Amino acid sequence: MEVGKSCLYSRRARSGGIHALSSDLLCRIFGSLDHFDLARSSVVCKFWYRTILNSNLWKHLCYKQKQCPVDLSEVHTPNKSWSICLQELAVEQHITYLSAGFAEVSQWRGHSSGVNVCRMKMGLLLTGVGDKVLRLWSSRNHKCLEEYQVPDVLPLIDFDFDENKIVGLVGTHVNIWKRQGKRSILSNKGCVTRTYCMRTFGVLEMASGLLCSYMDPEAVIGCGDGTVRVFDMYGGRMSRIIRMHHAPVTCLALTDDQLIVSGSSLGSVSVSDIVSGQDVASLRRSTATGISCLSVNPCSHYVFAGTTSGYAQCWDLRKHQQVWRTRVSPNVLYAMDHLPGDTFCLVVGGIDGVLRVVSANSGITLSAFIPGIDTRRDSDDRLVKKFKAKRATEDDLLTIPRHERPTITCLSVGMHKVATVHNDKHIMMWRFNC
């Protein structure tokens, strides 16, 4: 039984009495789930949590996958060990699916004009930029859950979200949309110069492969004058200006220990402390190719960068040393991302329209996929089209028509899936399996 259906039964059970479904019956249902869905079920209610925790279902899954080297019954904190075990199982399965599995693609029309940015968290996908509206989708059934209007005067440049709010960079303003209760927009006048990108200080933590917590953020904005500007969103004021480059800041990434990593149009990558504003390191000097995307993995302390010439590069943030550098695409890399907790796979995409899974430790391409359909076929409705993605080698790309692999302008990685947008009306969700 799918977890979505199980959640429905849980709501019915709670409305008619918490014990409407007995523990034995629940164990029969839970016995058909994998470790990831079992973890999701455990957070539905306390009764389900106790039922799963007191049963042997989670131990059976751990031993079946041979991921638990010790007898968990002897551990004094079994619920913590259970969470860690399930998280590791979920991440290992995710790595196997992306590197050695196949992909099925769901495509639907999400906007009336180009979609350039997407963010995926907590089973939700937020898309926008093209048509003055942000849309929040379910990553499971692709249904639109909420819409947020963007002010007509200024362009939407970048955004991020958590369970309570959406933070958007609109022209030179920072806008905040409330997600709960009475809908409202708070607009804070921000930068006085051209803006390129934005990030908010959010920490995504995995417990049992699914729980997410978020720290109240400050908005960090990259500007055309080479500075990074930090805004107190609740105070509605600019708190700090940090000089990081002599060229426009094109992309940003944030670390858990309050460091800002930024890339410039001239190819430099710098690290600064957000509190003091002091330079921490210069990972890459200016070159002929600009930095087009950045990603930080807090588990491995690696910083990844993509360039306008198709190169991907990795540094160890603790040693300030280069780990690897390789050309993974013949043209611009626009986006890269990884699952929180995954230190093995890095997903990249760019102008050639190929979704590549790259080893985060060596830069070797593990797998590459293209949609494999004629993306010129448009439809006025929002029906979801499903099809199998094609595995592609570099030699195959010479014979594959360009319209079968639209440019990937942004991507976001979730458990067993990757969301991509392509500067057109459509959104694609890639689901991986073995």
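Scroll up to find the structure this text is about.
Residues numbered from 1 in each chain as written. Predicted model: local features only at pLDDT ≥ 70, side-chain atom pairs only at ≥ 80, totals over all residues. Heavy atoms only, no water.

A. Spatial organisation of the overall build of the protein chain. Within the protein chain one finds six helices and 30 strands. Each of the 434 residues in the protein chain was classed as buried or not, and the buried ones make up 54%. Considering only contacts within the protein chain whose residues lie at least 6 apart along the sequence, 49% involve residues at least 24 apart. Working note: accessible area of the protein chain is about 19300 Å², and carbon and sulfur atoms make up 50% of it. (Helix = DSSP H or I, 4+ residues; strand = E, 2+ residues; numbered from the N terminus. Buried < 20%, exposed > 50% of the residue type's maximum accessible area, 1.4 Å probe, protein only. Contact = heavy atoms within 4.5 Å. Areas by Shrake-Rupley, 256 points an atom, 1.4 Å probe, with all protein chains shown as cover.)

B. How the structure looks around the nonpolar core. Core analysis: the largest hydrophobic core is formed by 25 residues, its most contacted members being L125, L126, L134, L156, F159, I166 and W177. When contributions to this core are tallied by element, the ones reaching two or more residues are strand 2 (115-121), strand 3 (124-129), strand 4 (133-138), strand 6 (156-161), strand 7 (165-170), strand 29 (417-421) and strand 30 (426-433). Grouped together as the second largest cluster of nonpolar side chains are 24 residues, I95, V357, F369 and F387 included. (Core = buried A, V, L, I, M, F, W, Y, C linked by side-chain atoms within 4.5 Å.)

C. Structural context of the packing of aromatic side chains. Enumeration according to the criterion identifies four aromatic pairs in this entry. Seen in terms of ring centroids, W108 and W137 are 5.6 Å apart; in terms of plane orientation they differ by 65°. Their pairing is edge-to-face. Taken together, the positions of W108 in strand 1 (residues 102-109) and W137 in strand 4 put the pair 29 residues apart, joining distant regions of the chain. In this structure, W108 and W137 share a single accessibility class: buried. Ring centres of F369 and F432 lie 5.4 Å apart, and the angle between their planes is 75°; this geometry places the pair in the edge-to-face category. A residue pair is termed long-range when its members are at least 10 positions apart, and F369 in strand 25 (residues 365-370) and F432 in strand 30 qualify at 63 residues. For the pair F369 and F432, a shared accessibility class is recorded, and that class is buried. Taken together, Y302, F304 and W324 form an aromatic cluster joined through their ring pairs. The aromatic ring of F159 is capped on one face by R119, whose charged end is 6.0 Å from the ring centroid. A cation sits over an aromatic face here: R325 above Y311, 4.1 Å from the ring centre. (Phe/Tyr/Trp six-rings, centres within 6.5 Å; stacked < 30°, edge-to-face > 60°. Lys NZ or Arg CZ within 6 Å of the ring centre and 35° of its normal.)

D. Highlighting the sheet that holds strand 22 (residues 333-337). With antiparallel pairing, five strands are arranged side by side in an open sheet as 22-23-24-25-27. Only two strands of the sheet have a single partner each, and these edge strands are strand 22 and strand 27 (390-391). When strand 23 (residues 345-350) meets strand 24 (residues 355-359), the two strands line up antiparallel, connected through four bridges. Residue pairing for strand 24: C345 is matched across the bridge by S359. (Pairing = 2+ DSSP bridges.)

E. Focus on the pattern of salt bridges. Summed over all chains, the structure comprises nine salt bridges. Notably, a salt bridge pairs D352 with R356, separated by 2.9 Å at the nearest N-O pair. Look at R356 and you get buried, because its relative accessible area is 1%. For E404, the salt bridge identified is with K390, shortest N-O distance 3.9 Å. Taken together, the residues span a long stretch of sequence, with E404 in the loop between strand 27 and strand 28 (410-414) and K390 in strand 27 at a distance of 14 residues. With relative accessibility at 16%, the residue E404 sits in the buried group. Looking at K390, the relative accessible area reads 41%, which means it is partly exposed. Three or more residues are tied together by salt bridges with common partners; here these are D131, R135 and E147. (Salt bridge = Lys/Arg side-chain N within 4 Å of Asp/Glu carboxyl O.)

F. Molecular detail of the side chain of S268. By the secondary structure assignment, S268 is in the loop between strand 15 (259-264) and strand 16 (269-273). Given a relative accessible area of 10%, S268 falls into the buried group. A polar contact is formed between the side chain of S268 and the side chain of H245, at a distance of 2.7 Å. Of note is the side chain of S268, whose polar atom sits 2.8 Å from the side chain of S264. For S268, the residues in contact, after removing those within four places along its chain, are H245, S262, G263, R284, R285, S286 and I291. (Polar contact = N/O pair within 3.5 Å; in protein donor to acceptor, adjacent residues only side chain to side chain.)

G. Examining helix 4 (residues 46-54) more closely. Looking only at helix 4, the buried set comprises F47, W48, T51 and I52. Considered in projection along helix 4, the buried side chains sweep an arc of 125° and stay on one side of the axis. Residues of helix 4 that are exposed and point over 90 degrees away from its buried face: K46 and N54. (Arc of directions from axis to C-beta.)

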